[in-house]
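In case you want the letters, here they are:
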Amino acid sequence: MTNFAVDGWRRPVLSGAGGALAGLLLLAAPAWSQSADAGTGAAPASQENASQGITATAAVAAPAATTPAPEANAGPSMAFKQALAEAAAQSEALAAFYRERDYQPIWTGEGDAERRSALFSALAQAAEHGLPVERYDTAPLAAQFRAVRSERERGKAEVAASLLFLRYAKDVQTGVLTPGKVDSGVVRKVLLRDPLETMRGFAEGSPRAFLRKLPPQNPEYAQLLKERRRLAEAAAQGGWGPQVPVSVLRPGTGGPSVVALRNRLIRMGYMKKTPAVDYDVTLQKAVQRFQRDHGLTDDGVAGPATLGQLNIEPDRRLRQVLVALERRRWLNQPLGKRHILVNLADFRTYVVDDGKVSFETVSVVGKNTSDRRTPEFSDEMTHMVINPTWNVPRSIATKEYLPMLKRNPNAVSYLKLYDGRGREVNRSRVDFTQLTETNFPFDMKQPPSPRNALGRVKFMFPNRYAIYLHDTPAKSLFSRSKRDFSHGCVRLEKPFDFAYHLLAPQIEDEEGYFNRILRTGRETQVNLDTPLPVHLVYRTAWVPAGGRVNFRPDVYDRDDLIFDALLKAGVALGSIES
């Protein structure tokens with residue numbers, strides 16, 4: 001008989017299939033040792049775990065020489081294989097994985113201690129990623145392993161470990177939530193990994209290296225993890241000090257409110273400690289840095305908008321970062337060597353080449369109403385149309401223009417009506433008072449012109465949502481700080497420069513080429529030689545290259561919905577859960 005010491009107590013178990021194997025199954029959540037009658041010691045915890053503050057060890061000593069364990073060399077028994085196959089049947093991927101390897105274990109074999117240790121270490125750090133730690137509770141699995149008395153029980157424990165691993169792998173790699181179930185405006189298709197390939201990759205490579213590569217590997221995700229820790233620490237310490245109690249502070253002033261402003265900026269990391277009590281140049285520059293990081297006019301004056309953002313507490317910012325981490329997991333895929341990124345929450349559009357922003361422009365996005373918010377999704381831009389015709393969406397034609405036409409048939413005279421056969425209709429022959437949203441029989445179009453609602457150029461990535469980027473004659477809206485005014489499409493402040501930038505790789509004189517077509521006034525489609533990935537994202541917290549974390553208001557209230565869903569999924573946020 002062999003005795004195993006577990007958590008300070010000893011229990012006898014049978015040697016052989018039910019004994020030596022049970023010793024091999026003891027997981028490393030608590031420190032433990034294995035001893036035979038002759039006495040053997042367990043290996044110490046790995047150096048890597050010790051450096052991470054993880055005291056658990058998964059090292060398992062080899063069975064004592066006096067303990068007969070022929071099964072260790074003979075391969076899995078039929079009882080083990082049968083139990084494993086039955087348990088794995090609940091997952092098509094696991095069933096295929098174990099079948100193709102003739103039911104060899106990856107967790108419960110004699111040489112699997114490193115895999116167990118790597119998994120437990122990763123699960124212990126799930127909270128660092130803003131994941132729901134209760135979904136990866138190792139206590140039940142450890143208890144199941146300790147309770148193993150037979151080959152059948154070992155087979156069941158093997159599958160339990162794989163299921164826990166796959167659950168964590170999916171969540172940390174592509175997110176906990178299904179975007180469309182949280183908000184109908186998030187129509188992004190998450191690129192889920194094949195669980196069978198995940199199992200194969202883990203079984204064939206270094207366990208710790210494989211687990212480290214599961215989360216998004218881009219620098220921004222790593223920076224958001226650091227910001228999560230920084231904000232959690234600030235919240236635990238009571239925040240950034242007293243809020244600034246006034247509506248405006250200007251350079252050259254002084255008093256308690258200026259001191260409160262100074263202290264908050266110091267604690268936020270925007271300036272070094274200083275005894276100065278006046279709104280001096282140093283404080284003004286710190287205010288300007290804060291303003292730039294929060295999408296505000298960087299005039300150095302702490303006005304209502306600036307103080308409103310400055311008085312937001314770290315627990316609220318932490319919520320934004322946790323949501324940002326989940327959003328980055330949803331988009332954990334190659335974005336494209338060259339791609340277009342539209343941040344709806346920041347009202348800006350970027351072209352990114354080799355990971356660096358090569359062009360950017362201010363944008364206008366969909367109005368914050370249920371029928372106009374710009375959706376979040378990815379697609380490919382295939383062409384641009386110079387001197388475009390505006391085909392008025394039916395919803396706009398019937399809900400906005402039909403009431404105007406009922407009052408005055410000559411209203412919106414710049415728009416033309418066409419019947420179902422494409423023939424232009426004379427308005428004087430139409431009794432608009434008899435038409436409704438349901439029986440309106442016409443198509444409505446605006447011919448190319450400088451006053452066209454789409455401006456002089458539109459950029460197409462054909463999609464079911466009829467969303468695209470375009471010019472606009474309404475230039476004054478770009479000067480607003482909050483720019484949600486469109487029916488859903490994205491308007492660009494610098495559409496011509498954007499067009500030149502897209503054409504540069506394929507046209508020698510891109511500007512001359514574009515303007516020659518523009519001067520004709522004729523609608524002309526120009527195809528891109530290489531379609532460009534377009535990603536419409538909604539980030540209220542992100543990290544620009546080489547910069548600090550930026551924050552923006554939640555203009556569509558989507559962050560709140562995602563945060564609430566994360567809470568319901570079990571994300572543990574300590575003091576900020578309420």
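Residues numbered from 1 in each chain as written. Predicted model: local features only at pLDDT ≥ 70, side-chain atom pairs only at ≥ 80, totals over all residues. Heavy atoms only, no water.

Engineer: Can you walk me through the overall build of the protein chain in this structure?
Structural biologist: On a plain count of helices and strands, the protein chain comes out with 20 helices and 18 strands. For the protein chain, the proportion of contacts with a sequence separation of at least 24, taken over those separated by at least 6, is 67%. (Helix = DSSP H or I, 4+ residues; strand = E, 2+ residues; numbered from the N terminus. Contact = heavy atoms within 4.5 Å.)

Engineer: Any chance you could explain a negative patch on the surface here in plain terms?
Structural biologist: A grouping of Asp497, Glu508, Asp509 and Glu511 is seen on the molecular surface, where their side chains present a negatively charged patch. One can find Asp509 in the loop between helix H18 (495-503) and helix H19 (510-520). (Patch = residues over 30% accessible without salt bridge, like charges linked within 9 Å, V, L, I, M, F, W, Y side chains within 5 Å. Areas by Shrake-Rupley, 256 points an atom, 1.4 Å probe, with all protein chains shown as cover. Salt bridge = Lys/Arg side-chain N within 4 Å of Asp/Glu carboxyl O. Lys, Arg positive; Asp, Glu negative; His and termini not counted. Charge placed at Lys NZ, Arg CZ, Asp CG, Glu CD.)

Engineer: I would appreciate a short explanation of the sheet that holds strand S8 (residues 390-391) in the present structure.
Structural biologist: Working definition: the strands of a sheet are paired by backbone hydrogen bonds and lie parallel or antiparallel to each other. Judged by pairing direction, the sheet is antiparallel, and its four strands sit side by side in the order S8-S11-S9-S10 without closing on themselves. Since the sheet does not close on itself, it has two edges, and those belong to S8 and strand S10 (424-425), each with one partner. Relative to strand S11 (residues 443-446), strand S9 (residues 416-418) is paired through three bridges, and the arrangement is antiparallel. Paired with Leu417 across the strands is Met444, a residue of S11. (Pairing = 2+ DSSP bridges.)

Engineer: Please clarify how the pairing of strand S5 (residues 348-353) should be interpreted in this entry.
Structural biologist: Within a regular strand, side chains alternate between the sheet's two faces. One ladder, built from six bridges, connects strand S4 (residues 338-343) with S5; its direction is antiparallel. When the sheet's bridge partners are listed, Asn343 is paired in S5 with Arg348. Taken together, S4 and the strand that follows it, S5, pair antiparallel across an intervening segment of four residues, in which Phe347 is found at a positive phi of about 55 degrees. Sheet topology note: the S5/strand S6 (residues 356-366) ladder contains six bridges and is antiparallel. Paired with Val351 across the strands is Phe359, a residue of S6. Between S5 and S6, which follow one another and run antiparallel, lie two residues, and Asp354 among them has a positive phi close to 50 degrees.

Engineer: Would you mind showing me how to read the pairing of S6 here?
Structural biologist: Sheet topology note: the S6/strand S15 (residues 490-492) ladder contains two bridges and is antiparallel. Bridge pairing in S15 links Ser363 to Leu492. Where S6 meets strand S14 (residues 484-486), two bridges bridge the pair, whose relative direction is parallel. When the sheet's bridge partners are listed, Val365 is paired in S14 with Asp484.

Engineer: Can you walk me through the environment of Glu360 in this structure?
Structural biologist: Summarising the element assignment, Glu360 is placed in strand S6. Separated by 134 residues in sequence, Glu360 and Lys494 place their C-alpha atoms 8.7 Å apart. When sequence neighbours within four positions are dropped, the list of residues in contact with Glu360 reads Arg348, Thr349, Tyr350 and Lys494. A polar side-chain atom of Glu360 sits 3.1 Å from a polar atom in the side chain of Arg348. (Polar contact = N/O pair within 3.5 Å; in protein donor to acceptor, adjacent residues only side chain to side chain.)

Engineer: Honestly, helix H8 (residues 151-174) in this entry has me stumped. Any pointers?
Structural biologist: The terminal C-alpha atoms of H8, which comprises 24 residues, lie 35 Å apart, in line with the 34 Å expected from a rise of 1.5 Å per residue. Phi turns positive one or two residues past the end of H8, at Gly175, with a value near 105 degrees. (Expected span 1.5 Å × (residues − 1).)

Engineer: Where do I start with the side chain of Asn387 in this structure?
Structural biologist: Along the chain, Asn387 falls in the loop between strand S7 (377-386) and S8. Take Asn387: its relative accessible area is 2%, and that puts it in the buried class. In this structure the side chain of Asn387 is engaged in a polar contact, spanning 3.3 Å, whose partner is the backbone oxygen of Leu518. Within the structure, Asn387 has its side chain in polar contact with the backbone oxygen of Arg522 (distance 3.1 Å). (Buried < 20%, exposed > 50% of the residue type's maximum accessible area, 1.4 Å probe, protein only.)

Engineer: Looking at this model, I keep getting lost on the packing of aromatic side chains. Mind explaining?
Structural biologist: Given two aromatic rings, one states the distance between the centres and the angle between the planes to describe the pair. In the structure shown here, the tally under the stated rule is 17 aromatic pairs. Seen in terms of ring centroids, Trp107 and Phe165 are 5.9 Å apart; in terms of plane orientation they differ by 55 degrees. Their pairing is tilted. In this pair, Trp107 is assigned in the loop between helix H5 (92-100) and helix H6 (113-124) and Phe165 in helix H8, connecting sequence segments 58 residues apart. With a relative accessible area of 1%, Trp107 lands in the buried category. On the basis of relative accessible area, Phe165 is assigned to the buried category, the value being 0%. When the ring of Trp390 is compared with that of Tyr401, the centres are 6.5 Å apart and the planes differ by 80 degrees; the resulting orientation is edge-to-face. Of this pair, Trp390 sits in strand S8 while Tyr401 is found in helix H17 (residues 394-407), placing the two residues 11 residues apart along the sequence. Like Tyr401, Trp390 is buried. (Phe/Tyr/Trp six-rings, centres within 6.5 Å; stacked < 30°, edge-to-face > 60°.)

Engineer: Any chance you could explain the packing of helix H12 (residues 219-236) against helix H16 (residues 314-330) here in plain terms?
Structural biologist: Two quantities define a packed helix pair, namely the angle between the axes and the distance from one axis to the other. Interhelical geometry of H12 versus H16 gives an angle of 155 degrees and a closest axis separation of 9 Å. Taken together, the axes of H12 and H16 lie roughly antiparallel to each other. The two elements H12 and H16 cross, and the hand of that crossing is left-handed. Residues Glu220, Tyr221, Leu224, Leu225, Glu227, Arg228, Leu231, Ala232, Ala234 and Ala235 of H12 pack against Pro314, Asp315, Arg317, Leu318, Val321, Leu322, Ala324, Leu325, Arg328 and Arg329 of H16. Residue classes in the contact of H12 with H16 are distributed as 13 nonpolar, no polar and seven charged. (Axes fitted to C-alpha atoms, helices over the stretch in contact; angles between N-to-C directions. Parallel < 35°, antiparallel > 145°, perpendicular 65-115°, else oblique. Left-handed = near helix turned anticlockwise from the far one by under 90°. Nonpolar A, V, L, I, M, F, W, Y, C, P; charged D, E, K, R; others polar.)

Engineer: Where do I start with the environment of Ala466 in this structure?
Structural biologist: The residue Ala466 is located in the loop between strand S12 (457-460) and strand S13 (469-470) in this model. Sequence-wise, Ala466 and Pro393 are 73 residues apart; in three dimensions their C-alpha atoms are separated by 9.0 Å.

Engineer: Can you help me understand the nonpolar core in this one?
Structural biologist: Soluble globular proteins: nonpolar side chains tend toward being buried together. Residues Tyr98, Phe165, Tyr168, Leu261 and Leu265 are the most contacted members of the largest nonpolar core, which totals 82 residues. By residue number, the principal contributor to this core is H8, which donates nine residues. Ignoring sequence-local partners within four residues, the contact set of Leu265 consists of Tyr270, Met271, Leu283, Ala286, Val287, Phe290 and Leu310. Counting residues in each nonpolar core, the second largest holds 58 residues, with Phe359, Ile386, Cys489 and Leu532 among its members. (Core = buried A, V, L, I, M, F, W, Y, C linked by side-chain atoms within 4.5 Å.)

Engineer: Would you mind going over the packing of helix H7 (residues 139-146) against H8 with me for this structure?
Structural biologist: For the pair H7 and H8, interaxial distance at closest approach is 9 Å and the crossing angle is 165 degrees. When the interaxial angle is binned, H7 and H8 end up roughly antiparallel. When the axes of H7 and H8 are compared, the crossing they make is left-handed. Contacts from Leu141, Gln144 and Phe145 in H7 reach Lys156, Ala157, Ala160, Ala161 and Leu164 in H8. Grouping the amino acids of the contact of H7 with H8 by side-chain chemistry returns six nonpolar, one polar and one charged.

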